[in-house]
Amino acid sequence: MWSRLALVVLTLAPAALAQGPLTLWYKQPANLWVEALPIGNGRVGAMIFGHAAHERIQFNEQTVWNGEPHDYAHHGASQYLGQLRELLFAGKQKEAEDLAMKEFLSLPLHQRAYQAFGDLLLDFPGISEDSVTGYRRDLNLDTAVSSVQFVSGGVTYRRELFASYPANVIVVRLTAGKPGSLSFTAALKSAHQGSQIAILPDGTLAMTGAVEDSAIRFQASLAVTAQGGKRSAQDGKIAIEAADSATLILTGASNFVNYKDVSADPSKRTAAVLAAVHAKGFDALRAQHISDYQKLFRRVSIDFGPTPAVELPTDERIKAFAKSGDPALVALLFQYGRYLMIGSSRPGGQPANLQGLWNESNNPPWDSKYTDNINTEMNYWPVEETNLSECQLPLFDALKDLAVSGAITAKEQYNARGWVLHHNFDLWRGTAPINASNHGIWETGGAWLSTHLWEHYLFTGDKQFLRDTAYPLMKGAALFFVDAMVKDPKTGYLITGPSNSPEHGGLVMGPTMDRQIVRTLFGETIAAATTLGADAALRDQLAQMRARIAPNQVGKYGQLKEWMEDLDDPKDTHRHVSHLWGVYPGSEITPYGTPDLEKAARQSLLFRGDEATGWSLAWKLNLWARFLDGDHAYRILQNLIYPATDKTKTTPSHAGLFPNMFDAHPPFQIDGNFGATAGIAEMLLQSDDPYGTPTSLTPVEAGDAAFVNLLPALPSALRNGSVSGLRARGGLAVAIDWRDGKLVKATLTASETKPVKVRYNGREIALQAKAGQTYSFGPELR
């Protein structure tokens, strides 16, 4: 799939300003990037600052990275694997880490970074920032349209922007309330040195260049037309004077074809995009965009009741949340996560990275790549339950690539079959361990991501997807651990290693998280093979090995042990809570199936505390929801909906939300937004099996039945509300209404025929759901 970018600026008559429960709005333009408003279509994103006189529209294209096609595997490293394990079994962690740094890590040591593309700069010489009145900028989540409006010199000016996925364009319309009042210059500014800007024979402004230290080349082209007035071009800028309106079309493309191929011609791609957009009128582009977007976004509606705070600008609402409560802001945050998912991950493109699609830096935090020991997975936690299933397809496409590059890493570094992914990958699909041996050597990134494949099947019932896409990848991930797991000499159990409990405790053998993930992967691979009638011998082998994986264990403080040894410190408040994977997103530690382990896991989370980085708060939110403690989950949510400060500034750093509602690690990481959306959904609906155990998959986990838990962790602060369009495993669409903290009505619509259990407030009923039928329940489940 080749990449491209297109930005269209058009003009229309002024329209009424949007305001309501699905709108972010502000009384001033953005000065910081984390104040600007994002738009995106899954391939190209832009950040809108909204300045009246000097507008900046910063844009990205998802394949503009540094680096080049490269095999990151450390060839021949497998010869040191046995020695590393022996050192770790002997308690010589430092010696093992030192050896691994020299002989086992990726070549080169680090992966590559996502890049900025450039800026579209619009200067309006007739407008003074000081003279502006009636200023407002906003982002309407229901239409995915952002607007800026103000008055200057007695003239009302308006801009409107949206990103169209089907047309692969971003549309910005400019209007002036008085004819002949629109004058501006338009320029392109590259984020990369050495770029060339020229006026093409047809009047198009073209910016060509290459990313430093990279095989990536790009081109952006800007065409400008005006309705009325005069047009000129000089000094690499296009000027419009005294026009009624103007139309700008910006396209951009890279030479990226796939992670092995960078042979495309960016200029031909931009020409094709310009030609396709030129043939469409504004009305068609707008209608096409809204129709496409709302088919996804409007699948789910959520309402926690009215609030006077909706009349406040969004940045002020965030500041007031701790005192006001503002349940409507919780609903807005939920839908904002869905908006960002639609904007950053659509079929045919790259997956959402650490910043989704939006990045203004060529040296972004953690390279803005794909961190797979929590962050990439968290990005996709909400997609199935909040009815955006197809937004996960780019991740599955990436897994197909990673299975190829990961097979090389598996062979060269572990002498194993199948494929492996460690804790990061990039555009070039690096799978080998990177950075440092004390955290980079973590074997279960591919295994964890493979569980997303089974989850997709459980929610959709798509057997063709299971057969053609999911099962081959799951099988390959499982085969790696068939070969790579070893027997613990002290206990006789099977364990992984060398590995680590993500970013905590250094290089070890058999951390709890690894064992939970591999046990789940084996169980789901068995279930997938059974469903497809495939690989009976492999099923038996996986079942035998699964029973021998070291179990979850309770430590001396009543906690769930994070490692094979009892090393947990009750004063440790580390951001990662990796050993609780079996609670969420896994389901082998459950309130009714494993009450003793659930109690221990809860104790571990209490030790970790309620403060954390942004994404860690989102994980804790989901965990407390799975513990069926809605009020504690809401306390975590309150910590997340907090005015964030950036550690790069002079003020102390604090997790929370930036003014544009981007989640703060700090700095910005989008996973916290997606994790928050997932956590809010988990408070309202859960469809994992609360009777699950680590020993065997239940019929629900195997896809043979469904379980729906209604309002399992409803906080007292959200006593009234409704939600519709959520999805449950087993192919169920769910709508729920509640008042005064109690269920009023729930409806389930089945897309598959299978047994379903419904639980609410301690009551359970069973029914045989039939595809196409809808079932309604009151508080007595009758």
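No experiment lies behind these values; they were computed from the predicted model shown.

### Let's talk about the overall build of the protein chain
Inference 1: On a plain count of helices and strands, the protein chain comes out with 17 helices and 34 strands.
Inference 2: In summary, the protein chain has a C-alpha radius of gyration of 26 Å against a globular reference of 28 Å for 782 residues, a match within 12%.
Inference 3: For the protein chain, the spread of C-alpha atoms along the principal axes amounts to about 80 × 65 × 50 Å.
Inference 4: When the 782 residues of the protein chain are sorted by exposure, 63% land in the buried category.
Inference 5: Counting only contacts in the protein chain whose residues sit at least 6 apart along the sequence, the fraction spanning at least 24 positions is 68%.
Inference 6: Here the protein chain has roughly 26400 Å² of accessible surface; of this, 51% comes from carbon and sulfur atoms.
Inference 7: Counting 72 positive and 80 negative side-chain charges, the protein chain places the centres of these two groups 3 Å from one another.

### Brief notes about the nonpolar core
Inference 1: Counting residues in hydrophobic clusters, the biggest one holds 230 residues, and the most contacted among them are Phe522, Trp619 and Leu710.
Inference 2: The element that contributes the greatest number of residues to this core is helix α11 (residues 463-484), accounting for 13 residues.
Inference 3: If sequence neighbours within four positions are ignored, leucine 710 has contacts with Leu684, Leu685, Val734, Ile736, Leu743, Ala746, Val758, Arg759, Tyr760 and Leu781.
Inference 4: Formed by eleven residues, the second largest nonpolar core is a distinct cluster that contains Phe162, Leu274, Val277 and Leu285.

### Considerations on unusual backbone geometry
Inference 1: Along the chain, glycine 497 connects to proline 498 via a cis peptide bond; the corresponding omega equals 5°.
Inference 2: As for its placement among the helices and strands, proline 498 is situated in the loop between β22 (494-495) and β23 (499-501).
Inference 3: Backbone geometry at aspartate 535 places phi at a positive 50°, although glycine is not the residue there.
Inference 4: In this model, leucine 781 sits at a positive phi of 60°, which is unusual for a non-glycine residue.
Inference 5: If you trace the backbone, leucine 781 turns up in the segment after β34 (774-777).
Inference 6: When its relative accessible area of 4% is taken as the criterion, leucine 781 is described as buried.

### Considerations on the packing of aromatic side chains
Any pair of aromatic rings gets described here by the distance separating the centres and the angle formed by the planes.
Inference 1: Considering all chains together, one arrives at 33 aromatic pairs under this definition.
Inference 2: Residues tryptophan 448 and tryptophan 581 carry aromatic rings whose centres are separated by 6.1 Å and whose planes lie at 90° to one another, so their mutual orientation is edge-to-face. Of this pair, tryptophan 448 sits in helix α10 (residues 445-460) while tryptophan 581 sits in the loop between α13 (536-548) and α14 (595-608), and the two are 133 residues apart along the sequence. Each of the two residues, tryptophan 448 as well as tryptophan 581, counts as buried.
Inference 3: By way of ring pairs, the aromatic residues Trp381, Trp442, Trp448, Trp581, Tyr584 and Trp619 are connected into one cluster.
Inference 4: When the ring centre of tyrosine 26 is taken as origin, the NZ or CZ atom of arginine 137, which lies over that ring, is 4.5 Å away.
Inference 5: Of note, arginine 338 hangs over the ring of phenylalanine 297, and the distance from its end group to the ring centre comes to 5.3 Å.

### Let's talk about the packing of helix α6 (residues 327-344) against helix α17 (residues 671-684)
Inference 1: Between α6 and α17, whose axes approach to 8 Å, the crossing angle comes to 125°. Comparing their axes, α17 and α6 come out oblique. As for the relative orientation of α6 and α17, their crossing is left-handed in sense. On the side of α6, the interface is formed by Val330, Leu333, Phe334, Tyr336, Gly337, Arg338, Leu340, Met341 and Ser344, while α17 contributes Asn673, Phe674, Ala676, Thr677, Ile680 and Ala681.
Inference 2: Class assignment of the residues belonging to the contact of α6 with α17 gives a composition of ten nonpolar, four polar and one charged.

### A word on the sheet that holds strand β30 (residues 732-739)
Inference 1: The strand order β18-β29-β30-β31-β34 describes an open sheet built from five strands, whose pairing is antiparallel. The two strands at the open ends of the sheet, each matched to only one other strand, are β18 (301-303) and β34. Strand-to-strand, the axes of this sheet are offset by a mean angle of 20°, without reference to chain direction.
Inference 2: Bridge analysis of β30 against strand β31 (residues 742-750) gives eight bridges, and the strand direction is antiparallel. Bridging across to β31, alanine 735 finds its partner in threonine 747.

### Details of the pattern of salt bridges
If charged atoms from side chains of opposite charge come close, those side chains can pair.
Inference 1: Applying the stated rule across the entire model yields 32 salt bridges.
Inference 2: For arginine 417, the salt bridge is made with aspartate 483, and the minimal N-O distance between the two is 2.9 Å. Taken as a pair, arginine 417 in the loop between α8 (393-414) and β20 (424-425) and aspartate 483 in helix α11 lie far apart in primary sequence, 66 residues in all.
Inference 3: Across the salt bridge formed by aspartate 535 and lysine 475, the nearest N and O atoms sit 3.1 Å from each other. Taken together, the residues aspartate 535 in the loop between α12 (512-532) and α13 and lysine 475 in helix α11 connect sequence positions 60 residues apart.
Inference 4: The exposure class of lysine 475 is partly exposed, given its relative accessible area of 26%.
Inference 5: Overlapping salt bridges, with partners in common, bring together Arg56, Asp119 and Glu360 in one network.

### Some details on the packing of α8 against α11
Inference 1: The contact between α8 and α11 brings their axes to 11 Å, and the two run at 25°. As the angle between them shows, α8 and α11 are arranged roughly parallel. In the packing of α8 onto α11, the handedness of the crossing is left-handed. Residues Phe396, Leu399, Lys400, Ala403, Ala410 and Tyr414 of α8 pack against Phe465, Thr469, Leu473 and Phe480 of α11.
Inference 2: Considering only residue class, the contact of α8 with α11 consists of eight nonpolar, one polar and one charged.

### What to know about the pairing of strand β7 (residues 133-140)
Inference 1: Here β7 lies mainly inside the structure; six of its eight residues are buried.
Inference 2: Relative to β7, strand β2 (residues 23-26) runs antiparallel, the two being bridged by four bridges. What sits directly across from tryptophan 25, in β7, is aspartate 138.
Inference 3: The pairing of β7 with strand β8 (residues 145-152) spans six bridges and is classified as antiparallel.

### Remarks on helix α1 (residues 81-89)
Inference 1: Those residues of α1 lying buried are Leu81, Leu84, Arg85, Leu87 and Leu88. Mapping the buried residues of α1 onto a view down its axis gives an arc of 160°, with all of them on the same face.
Inference 2: If you follow the buried residues of α1, they end up packed against α2 (93-103), α8, α11, β21 (486-487) and β24 (504-508).

### Comments concerning the pairing of strand β32 (residues 754-760)
Inference 1: Where burial is concerned, most of β32 is hidden: five out of the seven residues are buried.
Inference 2: Two strands pair when backbone bridges link them, and strand β28 (residues 706-710) and β32 are joined in this way by four bridges, in the parallel orientation. What sits directly across from valine 708, in β32, is valine 758.
Inference 3: Relative to strand β33 (residues 763-769), β32 is paired through seven bridges, and the arrangement is antiparallel. Considered in β33, the bridge of lysine 754 is made with alanine 769.
Inference 4: Connecting β32 to the antiparallel partner β33 that follows it, the hairpin turn spans two residues, and asparagine 761 within it adopts a positive phi of roughly 50°.

Calculation criteria
- Residues numbered from 1 in each chain as written.
- Predicted model: local features only at pLDDT ≥ 70, side-chain atom pairs only at ≥ 80, totals over all residues.
- Heavy atoms only, no water.
- Helix = DSSP H or I, 4+ residues; strand = E, 2+ residues; numbered from the N terminus.
- Rg over C-alpha atoms; globule rule 2.2 N^0.38 Å.
- Buried < 20%, exposed > 50% of the residue type's maximum accessible area, 1.4 Å probe, protein only.
- Contact = heavy atoms within 4.5 Å.
- Areas by Shrake-Rupley, 256 points an atom, 1.4 Å probe, with all protein chains shown as cover.
- Lys, Arg positive; Asp, Glu negative; His and termini not counted.
- Charge placed at Lys NZ, Arg CZ, Asp CG, Glu CD.
- Core = buried A, V, L, I, M, F, W, Y, C linked by side-chain atoms within 4.5 Å.
- Phe/Tyr/Trp six-rings, centres within 6.5 Å; stacked < 30°, edge-to-face > 60°.
- Lys NZ or Arg CZ within 6 Å of the ring centre and 35° of its normal.
- Axes fitted to C-alpha atoms, helices over the stretch in contact; angles between N-to-C directions.
- Parallel < 35°, antiparallel > 145°, perpendicular 65-115°, else oblique.
- Left-handed = near helix turned anticlockwise from the far one by under 90°.
- Nonpolar A, V, L, I, M, F, W, Y, C, P; charged D, E, K, R; others polar.
- Pairing = 2+ DSSP bridges.
- Salt bridge = Lys/Arg side-chain N within 4 Å of Asp/Glu carboxyl O.
- Arc of directions from axis to C-beta.

In short, geometric facts, not functional conclusions.
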